[in-house]
Amino acid sequence: MTTNLLKHSVNQYLEEIPQQVQTRLYESPATCLAIYRLLPQVAKFLVMSMVFNDADVSLRDLDRWIKSNGKLEFQEAIKSLKSLHLIIPNKSVGQLMIGLNPTFRNSFRNALTGGEVSNSFGVVVEDDEDTKQGIIDMQLLDEYSANKWETILHFMVGTPMSEIPSNSVLNLLKHSGLMEEVEETGEFKITNEGFQFLLQEISSQIWTLLLQYLKLSETLQMDTVEVLNFIFMLGALEVGKAYSTESLTATQKIMLKDMRDYGIVFQKNATSNIFYPTSLAIMLTSDSRNVIRTASGAMDSVLRQNKDDINFKKEDGISSISTNRKEQEQVGIDSQEIQDGALIIETNFKLYSYSNSPLQIAVLSLFVHLKTRFINMVTGQLTRESVRRALMNGITADQIIAYLETHAHPQMRRLAEAKLLKKKELDPNLKDTLQILPPTVVDQIKLWQLELDRVITYEGSLYSDFESSAEYNMLCKYAQDIGVLLWKDDKKRKFFVSKEGNSQVLDYAKRKLKKKQ
Amino acid sequence: MDAIADPTFQQTKARSIHTEELPSLLTVVLDTSPKSWIKFDEETDKKDNILHVLQALIVFLNAHLSFNTSNQVAVIAAHSHGIKYLYPKNKNNTDSGNGSTTTDNNDTKIDTVSNSNDQCIISPGMYRRFRNVDETLIEEVVKLFNEEKERVDKTIQKSTLPGAMSAALAYTNRLLKEFETLSLKCRVMVVTCGNSDQKEEIFQYIPIMNCIFSATKIKCPIDVVKIGGSKDSTFLQQTTDATNGVYLHVDSTKGLIQYLTTAMFIDPSLRQIIVKPNQGSVDFRTSCYLTGKVVAVGYICSVCLCVLSIIPPGNKCPACDSEFDERVIAKLKKRPVVPKLKKRVNKSK
């Protein structure tokens, strides 16, 4: 899942921060909550079991909670907790005791119990007139964020547009290596990383940009703690509420302007002291798959509305359309939940994607040979050429598969789950994992990638000119036994060992040959 | 054929399936029947045990919400005269089965009371998602307690806990269908208190069994926290055993939050790799349909499988009304006969 990847990259960034800065970060309850959510599942369980326990626990006791098949996850959890300095090992008494970071424990408790949270979750402006009168509602916010974000993505895909993202966005795209400036023309060109970026989920896209923003902010002498606190705070706000800028620091006020450019927050004008978080902000601390209102979904509803408006102007079939809309509203929950661009892929490599957003289609066309476009869907086929084109662009097979998997139609997912369940009933020890996509398709995409690297290079040493076949056999067998032999030719008495094993073989040869002499 | 359909390539992320992050729904069933709580207060010489439980519960709900952004919660109270959804709030405002003419007046009055109340409990700067849940919960609890006050004189009916559990499962089932695309996971947690009368508990057997069946069908573990009381609740213990849940018996409300955040915090997605903290063995015996005694060996109706400790009067099954074969009954009623030893005198002759 790409979400794991995203968490990994955010966690990695956090882990690399020096401990003093981390400790300062943990002073904010909102940040603690967000960091907690980014932890691996097992780590979340362990942290929760220690939050309300003042005494240190021994590592052995924690280990006892985990069954033998989860040891790997346990190790990972402990490792990430340690590198975030959330747990502090304490080796005073014989066995290894660990305790939770006191700053973190305190702030996280405050977050849970609503103790001293001191504005870390934002200050709501209750009597904001615009929200009361319904001037600024969810729809407007969704439209705004979808518009801003899709402008950035469209710009990357290269759709001809009237609107160009602001300078700060362009700067960020350039610095993150997603796009590069062609020197002669001054135009932007998408890079391999950029193609990969397009296939990611929206939450990972936002984070990729924000991590880059963090790196940039460091060079601009902005305080990392304040920047991070602000980002995590945005993730904890409620969409559709007005928030005051008064509690923000100077750095955070500067950031607000940038966040506006990405569509994460909305402000009526640059000097307004009220801001509104959008649904993009909520995605900062959650997986987009689980957020019911996705930005692209919002875009979809906007498109649908526009279409209706046009139809209204035509003034024919008004009644039928309005009933249509009513029906859509009645089944609203279902149609909203199926994410835009849900796709079905068959074993014969045909692909159907229920999407009419130009962006989704543009992304799909990166690796699919699109054939027909209908009113609510596009069909296409995965072909060798189309996939190879994507691979040439630097997109990997795994990324294509991950994209297909995350955008798979719920129906496909359910089918796969049912299949797995049936298999498990027959054989309880089965280690199979959920396969959403047809295995043939997955394998073929991987095979297409393998086609590209037919020549594999290894560094190492060639052994030749042996005096006798016994000598050759002895060394060759030794190399094979320790598993460093890459190639051999018995007739010519030559073999090749990898770089790592060379010294070992050399030592062995010296020992053996010396004895003989 | 399967071999062909299997992938050639090794899945590199093979183990991730254990802890795939999926949102989960936690439905809490809280036993608020005043009788058992007062009894428990008397036993422990402490006041307001239920408030301690509520405090711990609220923090626990927050903890659940913080586990995953899309996690959901629901709280259902089993009070002396029925059940009540504490969260999410019942929009229809239909109170279960009491006079509806006066409720409107009461509601407005109580609203004002609760508003002033919750402001001092819940800090306004709290994370919005927590606050929304907590405020509604407290409001509804205050309403419920006020309603209970009026009912003091009325006779107390039998336990409503199984009913609340059924409601929780029904709610869970509905949300599972609604959020099918999110592949929502679910669990139910029952918080109950004290020793319910042996007799009373027995009549819960069949409804609880039905809950177990429906819970296993929707793969919903039921966890039970029993506070106080000397004996374990047999049937709730069976429930947790059958649904892969956790049974926890705590003696006092002190430090309850620690129990909740460890033993009760095992998310459905973690169940596969975390050891369940279950204590002791489970009593699997059932109860007699007529007398309510817990039986180890008894009679069973061959039609409806109803368990009896005595031969029912009228030779009819009390549950399904099917008539029993008289000969069989006669055989059952027959006292065991000790066969007399035959005299060997004749043989010897």
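Conventions and cut-offs
Residues numbered from 1 in each chain as written. Chains lettered and ligands numbered in written order. Predicted model: local features only at pLDDT ≥ 70, side-chain atom pairs only at ≥ 80, totals over all residues. Heavy atoms only, no water. UniProt positions renumbered as here; feature names shortened; annotations may be inferred. Helix = DSSP H or I, 4+ residues; strand = E, 2+ residues; numbered from the N terminus. Buried < 20%, exposed > 50% of the residue type's maximum accessible area, 1.4 Å probe, protein only. Areas by Shrake-Rupley, 256 points an atom, 1.4 Å probe, with all protein chains shown as cover. Axes fitted to C-alpha atoms, helices over the stretch in contact; angles between N-to-C directions. Parallel < 35°, antiparallel > 145°, perpendicular 65-115°, else oblique. Contact = heavy atoms within 4.5 Å. Nonpolar A, V, L, I, M, F, W, Y, C, P; charged D, E, K, R; others polar. pLDDT = per-residue confidence, 0-100. Salt bridge = Lys/Arg side-chain N within 4 Å of Asp/Glu carboxyl O. Pairing = 2+ DSSP bridges. Patch = residues over 30% accessible without salt bridge, like charges linked within 9 Å, V, L, I, M, F, W, Y side chains within 5 Å. Disulfide = S-S within 2.5 Å. Arc of directions from axis to C-beta. Phe/Tyr/Trp six-rings, centres within 6.5 Å; stacked < 30°, edge-to-face > 60°. Lys NZ or Arg CZ within 6 Å of the ring centre and 35° of its normal.

Chain B carries the name General transcription and DNA repair factor IIH subunit TFB4 in an unreviewed UniProt entry, which gives Arxiozyma heterogenica as its organism. We quote the UniProt Sequence similarities (unreviewed entry) comment for chain B here in full: "Belongs to the TFB4 family." Check the Subunit (unreviewed entry) section of the UniProt entry for chain B; it says "Component of the 7-subunit TFIIH core complex composed of XPB/SSL2, XPD/RAD3, SSL1, TFB1, TFB2, TFB4 and TFB5, which is active in NER. The core complex associates with the 3-subunit CTD-kinase module TFIIK composed of CCL1, KIN28 and TFB3 to form the 10-subunit holoenzyme (holo-TFIIH) active in transcription."

As recorded in an unreviewed UniProt entry, chain A goes by the name RNA polymerase II transcription factor B subunit 2, listed as coming from Arxiozyma heterogenica. Listed under Sequence similarities (unreviewed entry) in UniProt, the entry text for chain A is "Belongs to the TFB2 family." Its UniProt record gives chain A a comment under Subcellular location (unreviewed entry), which states: "Nucleus".

Trainee: Sorry, what's going on with the overall build of chain A here?
Mentor: Summing up its helical and strand segments, chain A has 25 helices and 15 strands in all. For chain A, buried positions account for 50% of its 517 residues. Summed over its atoms, the accessible surface of chain A is roughly 25,800 Å², and 51% of this surface lies on carbon and sulfur atoms.

Trainee: Explain the packing of helix H9 (residues 138–157) of chain A against helix H14 (residues 250–262) of chain A to me, please; I cannot follow it from the model alone.
Mentor: The description of two helices packed together rests on the angle between their axes and the distance between the axes. Residues and elements named next belong to chain A. Contact pair H9 / H14: the axes reach a minimum separation of 7 Å and the direction vectors enclose 80 degrees. Judged on the interaxial angle alone, H14 and H9 are roughly perpendicular. Contacts between H9 and H14 involve Tyr-144, Lys-148, Trp-149 and Ile-152 from the first element and Arg-260, Asp-261 and Tyr-262 from the second. Of the residues that constitute the contact of H9 with H14, the class distribution is four nonpolar, no polar and three charged.

Trainee: When you look at the confidence of the model for chain A in this model, what are you seeing that I'm missing?
Mentor: Any residue range with low pLDDT should be treated as having predicted coordinates unsuitable for detailed reading. For chain A, the mean per-residue pLDDT works out to 79, and 85% of the residues sit at or above 70. Note that pLDDT drops below 50 for residues 288–337 of chain A; the model gives that stretch 58 contacts with residues more than four away or on any other chain.

Trainee: Would you explain the UniProt feature "domain: Transcription factor Tfb2 C-terminal" (unreviewed entry) in chain A in this entry?
Mentor: Here the UniProt feature "domain: Transcription factor Tfb2 C-terminal" (unreviewed entry) sits at residues 443–510 of chain A. In the segment residues 443–510 of chain A, helix accounts for 51% and strand for 21%; the C-alpha atoms at its two ends are 46 Å apart.

Trainee: Sorry if this is basic, but what is going on with the pattern of salt bridges here?
Mentor: Opposite charge on two side chains permits them to pair, given that their charged atoms come into close proximity. Residues and elements named next belong to chain A. Under the criterion given, the structure shown has 18 salt bridges over all chains. The shortest N-O distance in the salt bridge between Arg-109 and Asp-54 comes to 2.9 Å. Here Arg-109, found in helix H7 (residues 102–113), pairs with Asp-54, found in the loop between helix H4 (41–51) and strand S1 (57–58); they are 55 residues apart in sequence, far enough to count as distant. A relative accessible area of 57% places Asp-54 in the exposed class.

Trainee: In this structure, what is going on with the pairing of strand S15 (residues 494–498) of chain A? I would like to understand it.
Mentor: For a regular strand, side-chain orientation follows a simple rule: the groups alternate between the two sheet faces. All names here are of chain A. Across four bridges, the pairing between strand S13 (residues 460–463) and S15 is antiparallel. Note on S15: the bridge partner recorded for Gly-460 is Ser-498. Two elements, strand S14 (residues 485–489) and S15, share four bridges in a ladder whose sense is antiparallel. Bridging across to S15, Leu-485 finds its partner in Val-497. In sequence, S14 turns back onto S15 through a hairpin of four residues, with Arg-493 there showing a positive phi of about 55 degrees.

Trainee: For this particular structure, what's the right way to read a nonpolar patch on the surface?
Mentor: All names here are of chain A. Together, Ile-456, Tyr-458, Leu-462, Leu-486 and Trp-487 line one region of the surface with nonpolar side chains, adding up to about 550 Å² of accessible area. Topologically, Leu-462 is positioned in strand S13. Residue classification places Leu-462 among the partly exposed positions, given a relative accessible area of 47%.

Trainee: Can you walk me through the sheet that holds strand S6 (residues 243–244) of chain A in this structure?
Mentor: What holds strands together in a sheet is hydrogen bonding between their backbones, with the strands either parallel or antiparallel. All names here are of chain A. Across the sheet, three strands lie side by side as S6-S8-S7; this open sheet has antiparallel pairing. The strands lining the two open edges of the sheet, one partner per strand, are S6 and strand S7 (265–266). Looking at chain direction, S7 and strand S8 (residues 274–277) are connected through two bridges and run antiparallel. Considered in S8, the bridge of Phe-266 is made with Tyr-276.

Trainee: Would you take a moment to explain the pairing of strand S3 (residues 97–100) of chain A for this structure?
Mentor: Residues and elements named next belong to chain A. Residue alternation in S3 divides its side chains into two sets, Met-97 and Gly-99 and Ile-98 and Leu-100, and both sets are buried. Here S1 pairs with S3 via two bridges, running antiparallel. Bridged to Val-57 within S3 is Ile-98. Pairing of strand S2 (residues 87–90) with S3 involves four bridges; the strand directions are antiparallel. Among the inter-strand pairings, Ile-87 is bridged to a residue of S3, identified as Leu-100.

Trainee: Whenever I open this one, the state of the cysteines confuses me. Can you help?
Mentor: One covalent bond between the sulfur atoms of two cysteine residues makes up a disulfide. Residues and elements named next belong to chain B. Per the counting criterion, the structure on display carries zero disulfides over all chains. Cys-304 forms no disulfide, and the closest cysteine sulfur to it belongs to Cys-320, at a distance of 3.5 Å. On the basis of relative accessible area, Cys-304 is assigned to the partly exposed category, the value being 30%.

Trainee: Got a minute to help me understand helix H2 (residues 34–44) of chain B in this structure?
Mentor: Residue and element names in this part refer to chain B. Among the residues of H2, those classed as buried are Ser-36, Trp-37 and Phe-40. An end-on view of H2 places all buried positions within 100 degrees of arc, on one side of the element. Packing partners of the buried residues in H2 comprise strand S1 (24–31), helix H3 (49–67), strand S4 (185–193) and strand S5 (222–227).

Trainee: It is not clear to me how the packing of aromatic side chains should be interpreted in this structure. Could you clarify?
Mentor: Per the counting criterion, the structure on display carries 20 aromatic pairs over all chains. Taken together, the ring pairs in this structure connect Tyr-26, Tyr-36, Phe-104 and Phe-108 of chain A into an aromatic cluster. Stacked on the ring of Phe-67 of chain B, the Lys or Arg Lys-44 of chain A has its end atom at 4.7 Å from the ring centre.

Trainee: Would you mind showing me how to read the sheet that holds S3 of chain A here?
Mentor: One open sheet holds the three strands; their spatial order is S1-S3-S2 (chain A), and the pairing between them is antiparallel. Only two strands of the sheet have a single partner each, and these edge strands are S1 and S2 of chain A.

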